[in-house]
Amino acid sequence: MHDKSLFQSELTNKIAGFLTEIGIEIISTTLDEETFLPGILVENGKLLVDEEKLTYPGDLLHEAGHLAIAPSHLRGELGDKIELNEGIPDVVEVYAIAWSYAACVHLGIAPEIVFHDGGYRGKSEGLLFSFSLGVYIGSNGLEEAGLTFSPKKARELGVEPYPKMQKWLRD
């Protein structure tokens, strides 16, 4: 990882550094238009970030989750209204939730940074509770995409199960 900091916030830089390392491009910019999530615009498979407008740095992980679970041949075409034709939007959302939780664990940051009170239609507390119990909604989709393994399959292969990821981007 390079030492060049894109952002003022240490947390935002930590998240951006991780995303850059796994192959998701982050561009620090000024966003004049209103965006779905404050301070973040997805454009051509890249995350454009206006730090002054970024309310929740954890939202970067969630949006990156959408990009990460997209098939590689579609990733570069995705924009702010991330739509994957192969799935039902709610299912894709659940996979992005599972991906972003695994990213929190990997980075050693509190899940509340991603699953904050300002998001998830008031369901953040329930998601955090489920994760704390080891109920990992959406992890099955990550396994189907070849990114992680269930406890049973991980035991068979001798690797760690979700939330440990075997790779971060779908082929």
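See above for the structure.
Residues numbered from 1 in each chain as written. Predicted model: local features only at pLDDT ≥ 70, side-chain atom pairs only at ≥ 80, totals over all residues. Heavy atoms only, no water.

**Side note on the pairing of strand S3 (residues 46-49)**
In the sheet, strand S1 (residues 26-28) pairs with S3 via 3 bridges, with the strands oriented parallel. Across the sheet, the residue bridging to Ile26 is Leu47, located in S3. Where strand S2 (residues 40-43) meets S3, 4 bridges bridge the pair, whose relative direction is antiparallel. Each residue of the ladder has a partner; that of Val42, found in S3, is Leu47. Where S2 hands over to S3, the hairpin turn is made up of 2 residues, of which Asn44 adopts a positive phi near 50°. (Pairing = 2+ DSSP bridges. Helix = DSSP H or I, 4+ residues; strand = E, 2+ residues; numbered from the N terminus.)

**Section: the nonpolar core**
Proteins that are soluble and globular tend to have nonpolar side chains buried together. In this structure, Leu19, Leu47, Leu61 and Trp99 are the most contacted members of the largest nonpolar core, which totals 46 residues. Counting only elements with at least two residues in this core, the list comes to helix H1 (10-22), S2, S3, helix H2 (59-69), helix H4 (89-107) and helix H5 (124-132). Considering each element in turn, this core owes the most residues, 10 residues, to H4. Aside from chain neighbours lying at most four places away, what touches Leu61 is Ile15, Phe18, Leu19, Trp99, Ser100, Ala103, Cys104, Leu107, Ile109 and Val114. (Core = buried A, V, L, I, M, F, W, Y, C linked by side-chain atoms within 4.5 Å. Buried < 20%, exposed > 50% of the residue type's maximum accessible area, 1.4 Å probe, protein only. Contact = heavy atoms within 4.5 Å.)

**Let's talk about the side chain of Asp59**
As for its position among the elements, Asp59 is in helix H2. No salt bridge is formed by the buried Asp59, whose closest oppositely charged neighbour, Arg121, lies at an N-O distance of 13 Å. Among the polar contacts listed, one links the side chain of Asp59 to the side chain of His116, at a separation of 2.7 Å. Sequence-distant contacts of Asp59, defined by excluding residues within four places in its chain, comprise Leu37, Ile40, Val114 and His116. (Lys, Arg positive; Asp, Glu negative; His and termini not counted. Salt bridge = Lys/Arg side-chain N within 4 Å of Asp/Glu carboxyl O. Polar contact = N/O pair within 3.5 Å; in protein donor to acceptor, adjacent residues only side chain to side chain.)

**Quick look at the pattern of salt bridges**
This structure, assessed with the given rule, holds 3 salt bridges. One salt bridge in this structure joins Asp50 and Lys53, with 3.8 Å as the shortest N-O distance. Overall, Asp50 belongs to the buried group, its relative accessible area being 5%. Given the relative accessible area of 37%, Lys53 is considered partly exposed. With a closest N to O distance of 2.5 Å, Asp171 and Lys167 form a salt bridge. Accessibility expressed as a relative area gives 63% for Asp171, which makes it exposed. A residue is classified by how much of its surface remains accessible, and Lys167, at 27% relative accessible area, is partly exposed.

**A short note on the sheet that holds S1**
Adjacent strands of a sheet form backbone hydrogen bonds with each other and so pair up, either parallel or antiparallel. One open sheet holds the 3 strands; their spatial order is S1-S3-S2, and the pairing between them is mixed. With partners counted over all chains shown, the strands left at the sheet margins are S1 and S2, one partner each. Pairwise comparison of adjacent strand axes, ignoring direction, gives a mean angle of 25° for this sheet. (Axes fitted to C-alpha atoms, helices over the stretch in contact; angles between N-to-C directions.)

**Remarks on a nonpolar patch on the surface**
Taken together, the side chains of Phe129, Leu133, Val135 and Ile137 make up a nonpolar region of the molecular surface, amounting to roughly 370 Å² of accessible area. You can see Val135 is positioned in the loop between H5 and helix H6 (139-144). (Patch = residues over 30% accessible without salt bridge, like charges linked within 9 Å, V, L, I, M, F, W, Y side chains within 5 Å. Areas by Shrake-Rupley, 256 points an atom, 1.4 Å probe, with all protein chains shown as cover.)

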